[in-house]
Amino acid sequence: MKIEEFTLFSVSTNGDGEKTPSTRLTPNALPERGNSYAVVESSTGVSTRYARFKKALEQETVPQWYVLRATYGREKKAYDYLVAKGVTAFYPTMNIVKVIKGKRKKVRISCLPNIFFAYGTEECIKTFVYDNVNLPFLRFYYEHIHSGNKIIKKPLIIPNSQIESFKIICSHVNMDIIIQSRLISNFQRGEKVKVVEGVFKGVEGNVARCMGQQRVGIIVGGVFTVATAYVPSSFLKRK
């Protein structure tokens, strides 16, 4: 059983340097249940629909990284449950200091409230997402793909390369890394690179200046941004 859990001690979550985590990724309202793929019919031909459904069916049998969300701060409970069942999962956390009963205490909290990642086939992950007895608060995080008049709703999948880069960034404590629940346009426009030296070696993403420093950022699943601390140009290789 493989467990992926990292603790961060310094995470920047907004442009003004505030260290308190925030996210707009996961509203408390649960999305509707039903099939993982919902298609709004249009005037497109049967062959196109068949090709999309065939691809969807193939996808269900291949292990992938899925974004899962749990309401009311119960992502740790869901994460622990999946790990106990042998599922590989990634739950990025950070430590903050709180004053409890007049004493300063280090407390671990989620970097992305309500969010964690699970690896497996879609059919495997469905057994947990649709488990109304043990995990009634767990759902897929969906993306909506528009093609003409057609809308396809499917669970958001994160490429393995992005998860691996995310893990590398999160494995270094006390560094000025960035995790934001939005897209940072600088990294969308930046040149694609790979970090080949230093503590962030292996990270692949786009290089850009952010908060006054040159960093390498990843727009994870096209939804939120994770970025390294400062990386010198000599540590970067163009892709």
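Values in this document were obtained by computation on a predicted structure and should not be read as measured data.

Draft legend 1. Region of interest: the overall build of the protein chain. When helices and strands are counted, the protein chain shows 5 helices and 17 strands. When the 239 residues of the protein chain are sorted by exposure, 46% land in the buried category. Taken as a whole, the protein chain presents about 12100 Å² of accessible surface, with 52% of it coming from carbon and sulfur.

Draft legend 2. Representation of the confidence of the model for the protein chain. The pLDDT averaged across the protein chain works out to 81; a share of 74% of its residues lies at or above 70. In this model, residues 8-44 is a region of pLDDT below 50 whose contacts with residues beyond four sequence positions or in other chains number 116 contacts.

Draft legend 3. Summary view of the side chain of Arg215. Positionally, Arg215 belongs in strand S15 (residues 213-220). Relative accessible area serves as the criterion here: at 0%, Arg215 is assigned to the buried category. Separated by 2.6 Å, the side chain of Arg215 and the backbone oxygen of Asp176 make a polar contact. Engagement of the side chain of Arg215 in a polar contact is seen with the backbone oxygen of Thr228, the distance being 3.1 Å. If we skip the residues at most four places from it in the chain, Arg215 touches Asp176, Ile177, Ile178, Phe187, Asn206, Val207, Ala208, Cys210, Ala227, Thr228 and Ala229.

Draft legend 4. Region of interest: the packing of aromatic side chains. Tallying each qualifying case throughout the model produces 11 aromatic pairs. Seen in terms of ring centroids, Trp65 and Tyr119 are 5.3 Å apart; in terms of plane orientation they differ by 50°. Their pairing is tilted. On the criterion of sequence distance, the pair formed by Trp65 in strand S4 (residues 64-70) and Tyr119 in strand S7 (residues 115-120) is long-range, its members being 54 residues apart. Given a relative accessible area of 3%, Trp65 falls into the buried group. Look at Tyr119 and you get partly exposed, because its relative accessible area is 34%. Grouped by ring-pair contacts, the aromatic residues Phe90, Phe117, Phe166 and Phe224 constitute a single cluster. Between the NZ or CZ atom of Lys153 and the centre of the ring of Tyr142, over which it lies, the distance is 4.5 Å.

Cut-off values and rules
Residues numbered from 1 in each chain as written. Predicted model: local features only at pLDDT ≥ 70, side-chain atom pairs only at ≥ 80, totals over all residues. Heavy atoms only, no water. Helix = DSSP H or I, 4+ residues; strand = E, 2+ residues; numbered from the N terminus. Buried < 20%, exposed > 50% of the residue type's maximum accessible area, 1.4 Å probe, protein only. Areas by Shrake-Rupley, 256 points an atom, 1.4 Å probe, with all protein chains shown as cover. pLDDT = per-residue confidence, 0-100. Contact = heavy atoms within 4.5 Å. Polar contact = N/O pair within 3.5 Å; in protein donor to acceptor, adjacent residues only side chain to side chain. Phe/Tyr/Trp six-rings, centres within 6.5 Å; stacked < 30°, edge-to-face > 60°. Lys NZ or Arg CZ within 6 Å of the ring centre and 35° of its normal.

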